[in-house]
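# Summary of the model geometry
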Amino acid sequence: MTLIDKKLNRRSFLKVSTLAGGGMMLSFSWLAGCKPTPEEVLTMPKEWFELNSYIKIGENGAVTLFNPNPEFGSNVKTSLPMILADELDIDWKNVFVEQADFYPERFDRQFTGGSQGVRQAWIPLRTAGATARQLLVNAAAQTWNVSAGEITTGAGMIEHKASGNKTSYGEVASLAGTLEAPDPETVKLKEISDFKIIGNSKKNVDGTKIVTGKPMFALDHKVEGMKYAAIVQPPAFGMQLKSFDKSSVTSMPGIQDAFEIKIFKDDYGRNFFDTTTFPTIIAIVGNSTWEVFQAKKKLTVEWEKAPASTFPMAARGNMIITKVPEGLENTESHKTQMAAFIEKPGNILRKDGDPEGAFKNAAKVMERTYTAPFLAHNTMEPMNCFADVKGDKAVIYGPTQAPELIRQTIASSLGLPIENIQINLARMGGGFGRRAYSHHMTEAALISQKIQAPVKMVYTREDDMSAGVYRPTYSATYRAALDENNNLLGLHVKAGGIPESPIHANRFPAGAIDNYLAEGWLIESNITIGAFRAPRSNFIAGAEQSFLDELAEEVGKDPIEFRLELLKRAETNPVGENNDYDPKRYAGVLELVREKSNWSNVPAGISRGVSAYFCHNSYVAEVVDITIKDNQPVVENVYAAVDCGIVVNPDAAANMGEGAIVDGIGNAFYGEMAFEDGVPTKRNFDTYRMIRHKEAPKKIEVHFVQNNEAPTGLGEPLFPPVFAALGNSLYKATGKRLYEQPFQPKLLEMKNLRM
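Model, not experiment: these values are computed from the prediction.

What follows covers the overall build of the protein chain. A tally of helices and strands in the protein chain yields 17 helices and 33 strands. Its C-alpha radius of gyration of 28 Å places the protein chain within 12% of the 27 Å reference for a compact globule of 755 residues. By principal-axis analysis of the C-alpha atoms, the protein chain measures approximately 85 × 75 × 50 Å. A burial count over the protein chain gives 58% of its 755 residues as buried. In the protein chain, of all internal contacts separated by at least 6 residues, the share reaching a separation of at least 24 is 74%. Accessible surface, the protein chain: about 30,800 Å² in total, of which carbon and sulfur atoms supply 49%.

Below is the structure:
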């Protein structure tokens, strides 16, 4: 395609340029199925007219919408274009969707993570769609010599009823592409009641490609002359490379070279996602993945213990010094260390009222401690990346959640201008936070630069599972002070982990209790940790909601009613001023899940537990039903109530919620990574237990609160509550509370159960 006019800057999506090109192909809407009718077949236009960075319109009315964010299964490649399409006022069946490559001059926030994709794109994408629609209207008004205010649109058509003029978007797209874009502040967005696409389910635009195995992933990418690479890293945390003998592999079939790779420049200040377990590794390059994997097994390497070190890292807008202690760590010693911290004062994160006085005057004190292990992300697609570094330019193609941040690192490591680093975005086979840490892209780029050829670098499963980046191991102790009538006088939570604390000090039940104390602590470690689906919330929600359930039982109240009473207090007479949740919306999901699960009428043989949590700006309550069959717990039903504001694509949203629930149940039962002298004890799926198809819930219902609030997070919020809902239902079934994750080992110890 030929660029005719391109005037873009950081406010790019409202600037106008015109793009023209040729080439013929046939395509049709995903919704049309495998045998489209002639009316449903859409011919690729001879010319495309680009109205802004997100939208191109062909002369025949076909529309291409660009998805700016990386796609890893959260369905942003469908939901974000739906937002554009609705404000543009077009027929969805005439839409083509393309994945945009990383292009910060044109697109804002090309990051998928934190459940913020739809939330942060909501207004910018609506504005982009509405602006393009206004340009088309202005073009028609100019053509017909009428007022733009008298023109209406619908399904890609423009009409001036008074004169009887009517035309398609395609017929005025050429002129629209030459007009000055209106000021975004003057562009009128649709009323929510006028949405036609938003709120109506659309199939995944890549669905057909996925189920038919079309090349969509970086692993599918090949170019002529491409080499293959594998990495060799230290066998344990706390160790580093001393020396290696490349002659031990270079005589093997297909092996070209083996050399040391140093990921960072000595003076480079790392960004938040520059977590790299082993900054110095060995690369092996050859003619095929199989050959370099075989060479990995034969390479002669000498390792040594790594000394303690420090490095600068950006965090919350400031540079901090990160400490990496020396030593070979063990899970058993971790447990001893964490137990000792329970007895020590922590860092006070929030204090309301007089919690010390409440506990001193309490008639009864209830105390419980909850723990959870390190967890591996285990994305189904192994870490991989294609890189082609030639001269002062680099093309990178691979799975990443955060292209903007890794581009800075790649530029520094290669010694190239950042504007010469082009990152093309591949669809990811899973993310869960793991691919926000894109050191694999830097590694591939350095290998390509060294060999002066394009290269595809692939991790083995063992490489990824044994090199982090892990969910931290955590511990939380909750204490409740009760008077002689079982009234709650005060609550104290002290939580920490290796190497971070999971506390969110201003979340519920803060704000609902007069005397409240939250303390945090952490233990430094050389084991690499990072964001894991719903960071910190994925543990603390389970601990908090398990304790509240047990506390409700202690005071003789229904678990849902007990939570609602606390939330009512937070709504009508809140304690403190920094509560970061809306108690009314929080209560709303509890009331909805109570209704949908028919909470008070538990079927015979069912053991039922509840949990609720707020994170990523959304509210979720879940009820889990289990039975005991053949002396084994079986998850029968899960009911989820979600308040995430307007739901753009309901079916996709429910699917994402179902996936989070299954993922949470699997991790609660089985997820665990342990260490012996710095060595991960599990390196592949033969020992790292994942949930199996037959263990998934028999039925999952996801219900959304209907409101007109702007969309909030969804990929993560359904994950944290399920840990406690499952644990609380297991208590009802077994009569024993579970305080340590994963649950399976403790269940095996129970005489009346086996798994």
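Moving on from the model shown.
Attention now moves to the pattern of salt bridges. Scanning the entire structure with this criterion turns up 39 salt bridges. Across the salt bridge formed by Arg126 and Glu87, the nearest N and O atoms sit 2.8 Å from each other. Here Glu87 lies in helix α1 (residues 76–88) and Arg126 lies in helix α2 (residues 117–144), a separation of 39 residues in the sequence. Across the pair, exposure class does not vary: Arg126 and Glu87 are buried alike. When the shortest N-O distance is used, the salt bridge between Arg434 and Asp464 registers 3.0 Å. Here Arg434 is found in the loop between β23 (421–425) and α10 (439–451), whereas its partner Asp464 is found in helix α11 (residues 461–466), with 30 residues between them in sequence. Since its relative accessible area comes to 5%, Asp464 is described here as buried.

For the rest of this paragraph, the subject is the sheet that holds strand β27 (residues 515–522). In spatial order, the strands read β19-β27-β26-β25-β20; together these five strands make up an open sheet with mixed pairing. Sheet topology places β19 (347–352) and β20 (364–372) at the edges, where each strand pairs with a single neighbour. Adjacent strand axes in the sheet meet at a mean angle of 10° when their direction is disregarded. Sheet analysis places strand β26 (residues 488–498) next to β27, joined by eight bridges and oriented parallel. Within β27, the residue paired with Gly490 across the bridge is Asn515.

Bringing α1 into the picture now. End to end, α1 covers 18 Å across 13 residues, agreeing with the expected 18 Å (1.5 Å per residue, within 8%). In terms of residue burial, α1 counts as a mostly covered element, since 13 of its 13 residues are buried. Two residues or fewer past α1, Asp89 is found with a positive phi of approximately 70°.

On to the packing of helix α15 (residues 650–670) against helix α16 (residues 720–734). α16 packs onto α15 with a crossing angle of 60° between their chain directions and a minimal axis gap of 9 Å. By the angle between their axes, α15 is oblique relative to α16. Helix-helix and strand crossings are classified by hand; for α15 and α16 the assignment is right-handed. Packed against α15, whose contacting residues are Ile661, Gly664, Ile665, Asn667, Ala668 and Phe669, the element α16 presents Val722, Phe723, Leu726 and Leu730 at the interface. Along the lines of polarity and charge, the residues of the contact of α15 with α16 split into eight nonpolar, two polar and no charged.

Turning our eyes to something else, we now look at the side chain of His440. Mapped onto the fold, His440 is located in helix α10. With residues near it in sequence (within four places) discarded, His440 still touches Met383, Asn384, Cys385, Pro399, Met457 and Tyr459.

Taken in spatial order, the three strands line up as β9-β10-β11 in an open sheet, and their pairing is antiparallel. Strands with a single pairing partner mark the edges of an open sheet, and in this sheet they are β9 (152–154) and β11 (165–168). Neighbour to neighbour, the strand axes of the sheet diverge by 20° on average, direction disregarded. Where β9 lies against strand β10 (residues 157–160), three bridges are found, and the strand directions are antiparallel. Directly across from Thr152, in β10, lies its bridge partner Glu159. The strands touched by α2 within the sheet are β9, β10 and β11, with β10 carrying the most contacts at an inclination of about 45°. Running at roughly 80° to β11, helix α3 (residues 169–176) makes contact with β9, β10 and β11 of the sheet.

Overall, the coordinates contain 25 aromatic pairs when judged by the stated rule. The interplanar angle of 80° and the centroid separation of 5.1 Å between the aromatic rings of Phe272 and Phe273 together place this pair among those described as edge-to-face. Residue classification places Phe273 among the buried positions, given a relative accessible area of 14%. Aromatic side chains Tyr474 and Phe539 sit 5.3 Å apart centroid to centroid with 25° between the ring planes, which places their arrangement in the stacked category. Taken together, the positions of Tyr474 in strand β25 (residues 473–482) and Phe539 in helix α12 (residues 537–555) put the pair 65 residues apart, joining distant regions of the chain. Judged by its relative accessible area of 0%, Tyr474 is buried. Accessibility expressed as a relative area gives 1% for Phe539, which makes it buried. Site record: aromatic cluster; members linked through ring pairs are Phe237, Phe278, Phe374, Tyr470 and Phe675. Geometry around Phe259 places Lys450 over its ring, the cationic atom sitting 5.6 Å from the centre.

Helix length check: α10 (13 residues) gives 19 Å between terminal C-alpha atoms against 18 Å at 1.5 Å per residue, within 8%. Where burial is concerned, most of α10 is hidden: 11 out of the 13 residues are buried. For α10, the full list of buried residues reads His439, His440, Met441, Thr442, Glu443, Ala444, Ala445, Leu446, Ile447, Ser448 and Ile451. Where α10 terminates, the next one or two residues include Gln452, which has phi positive at roughly 55°.

Further remarks concern the nonpolar core. For soluble globular proteins, nonpolar side chains are generally found buried alongside one another. Core analysis: the largest hydrophobic core is formed by 87 residues, its most contacted members being Ile396 and Leu726. With nine residues, the top contributor of residues to this core is α15. Beyond its immediate chain neighbours, meaning those up to four positions away, Leu726 contacts Val624, Ile626, Val635, Ile665, Ala668, Phe669 and Phe743. Core analysis: the second largest hydrophobic core is formed by 52 residues, Tyr370, Ala372, Tyr586 and Phe614 among them.

Once that is clear, we can look at the pairing of strand β12 (residues 227–232). With five of its six residues buried, β12 lies for the most part within the structure. Where β12 meets strand β24 (residues 455–458), three bridges bridge the pair, whose relative direction is parallel. The partner of Ala229 across the bridge, within β24, is Met457. Two strands pair when backbone bridges link them, and β12 and strand β15 (residues 280–286) are joined in this way by five bridges, in the antiparallel orientation. Each residue of the ladder has a partner; that of Val232, found in β15, is Ile282.

Here the protein chain shows a mean pLDDT of 91. Residues at 70 or above account for 94%. Counting contacts from residues 1–41, a segment whose pLDDT is below 50, to residues more than four positions away or on other chains yields 103 contacts.

Relative to the helices and strands, Ser546 is located in helix α12. Overall, Ser546 belongs to the buried group, its relative accessible area being 10%. In this structure the C-alpha to C-alpha distance between Ser546 and Gly609, which are 63 residues apart in sequence, comes to 9.6 Å. Dropping the residues within four chain positions of it, Ser546 is found in contact with Tyr370, Ala724, Asn728 and Arg737.

On the secondary structure map, Asn347 appears in strand β19. Among the residues examined, Asn347 registers a relative accessible area of 55% and is labelled exposed. When the C-alpha atoms of Asn347 and Lys596 are compared, they prove to be 41 Å apart, with 249 residues separating the residues in sequence. If sequence neighbours within four positions are ignored, Asn347 has contacts with Ala518, Glu519 and Gly520.

Conventions used here
- Residues numbered from 1 in each chain as written.
- Predicted model: local features only at pLDDT ≥ 70, side-chain atom pairs only at ≥ 80, totals over all residues.
- Heavy atoms only, no water.
- Helix = DSSP H or I, 4+ residues; strand = E, 2+ residues; numbered from the N terminus.
- Rg over C-alpha atoms; globule rule 2.2 N^0.38 Å.
- Buried < 20%, exposed > 50% of the residue type's maximum accessible area, 1.4 Å probe, protein only.
- Contact = heavy atoms within 4.5 Å.
- Areas by Shrake-Rupley, 256 points an atom, 1.4 Å probe, with all protein chains shown as cover.
- Salt bridge = Lys/Arg side-chain N within 4 Å of Asp/Glu carboxyl O.
- Pairing = 2+ DSSP bridges.
- Axes fitted to C-alpha atoms, helices over the stretch in contact; angles between N-to-C directions.
- Expected span 1.5 Å × (residues − 1).
- Parallel < 35°, antiparallel > 145°, perpendicular 65-115°, else oblique.
- Left-handed = near helix turned anticlockwise from the far one by under 90°.
- Nonpolar A, V, L, I, M, F, W, Y, C, P; charged D, E, K, R; others polar.
- Phe/Tyr/Trp six-rings, centres within 6.5 Å; stacked < 30°, edge-to-face > 60°.
- Lys NZ or Arg CZ within 6 Å of the ring centre and 35° of its normal.
- Core = buried A, V, L, I, M, F, W, Y, C linked by side-chain atoms within 4.5 Å.
- pLDDT = per-residue confidence, 0-100.

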